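# Structural overview
Spelled out, the chains give:
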Amino acid sequence: MTDKPAQKSPFADVAPALADYTDNVLFGDVWKRPGLSPRDRSLITVATLIANYRTNELPFHLKRATENGVTRDEIAEVITHLAFYAGWPPASTAVGIARKVFEETN
């Protein structure tokens, strides 16, 4: 047995420093700052990921958003709204990803 806690990050085996920054700085500090609620941070993050077509990170953050109190209807509104500002392809792709996340969390 070791005193070292298990890594939470899925890329700790390849980039341990990045995993440490992700766990301790991003999710351990930035996400816990008092200026915005976790729900608001989730809305901002999901919108940014959709707008920038960052599909790899979107499933994780959609699930996290629902855990932080963002409703499926609100996620649908974000996607619809972004279709006009970020474009149809990112919004269309986000619909497919959201559908899969919603099915998995039912």
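Residues numbered from 1 in each chain as written. Predicted model: local features only at pLDDT ≥ 70, side-chain atom pairs only at ≥ 80, totals over all residues. Heavy atoms only, no water.

## A short note on the confidence of the model for the protein chain
- Of the residues in the protein chain, 92% have a pLDDT of 70 or more, and the chain-wide mean is 91.
- Confidence drops under pLDDT 50 across residues 1–7; counting only partners more than four residues distant or on other chains, this segment forms 3 contacts. (pLDDT = per-residue confidence, 0-100. Contact = heavy atoms within 4.5 Å.)

## Re the environment of Ala 65
- Tracing the backbone through its elements, the reader meets Ala 65 in helix 3 (residues 58–67).
- The class for Ala 65 is buried, based on a relative accessible area of 1%.
- Leave out the neighbours within four places in its chain, and Ala 65 touches Ser 42, Val 46 and Val 70. (Helix = DSSP H or I, 4+ residues; strand = E, 2+ residues; numbered from the N terminus. Buried < 20%, exposed > 50% of the residue type's maximum accessible area, 1.4 Å probe, protein only.)

## A few points about the pattern of salt bridges
- Under the defined criterion, the tally for this structure stands at 3 salt bridges.
- Note that Arg 39 and Glu 74 form a salt bridge whose closest N and O atoms lie 2.4 Å from each other. Of the two residues, Arg 39 sits in helix 2 (residues 38–51) while Glu 74 sits in helix 4 (residues 72–85), which places them 35 residues apart along the sequence.
- Relative accessible area serves as the criterion here: at 26%, Arg 39 is assigned to the partly exposed category.
- Put simply, Arg 39, Asp 40 and Glu 74 are held in one network by salt bridges that share partners. (Salt bridge = Lys/Arg side-chain N within 4 Å of Asp/Glu carboxyl O.)

## Examining the nonpolar core
- Counting 18 residues, the largest nonpolar core has Val 46, Ile 50, Leu 58, Leu 62, Ile 75 and Ile 79 as its most contacted members.
- When contributions to this core are tallied by element, the ones reaching two or more residues are helix 2, helix 3, helix 4 and helix 5 (88–104).
- For this core, the element with the highest residue contribution is helix 5, accounting for 6 residues.
- Dropping the residues within four chain positions of it, Ile 50 is found in contact with Leu 58, Val 78, Ile 79, Leu 82, Pro 90 and Ala 94. (Core = buried A, V, L, I, M, F, W, Y, C linked by side-chain atoms within 4.5 Å.)

## Some remarks on a nonpolar patch on the surface
- On the surface, Tyr 21, Val 25, Leu 26 and Val 30 cluster together to form a nonpolar patch covering roughly 340 Å² of accessible area.
- Structurally, Val 25 can be placed in helix 1 (residues 16–26).
- Residue Val 25 is classed as partly exposed on the basis of its relative accessible area of 41%. (Patch = residues over 30% accessible without salt bridge, like charges linked within 9 Å, V, L, I, M, F, W, Y side chains within 5 Å. Areas by Shrake-Rupley, 256 points an atom, 1.4 Å probe, with all protein chains shown as cover.)

## A word on helix 3
- Burial in helix 3 covers these residues: Leu 58, His 61, Leu 62 and Ala 65. Viewed end-on, helix 3 has its buried residues packed into an arc of 105 degrees, placing them on one side of the element.
- Buried positions along helix 3 lie against helix 2, helix 4 and helix 5.
- After helix 3 finishes, the residue Gly 69 shows a positive phi value of roughly 100 degrees. (Arc of directions from axis to C-beta.)

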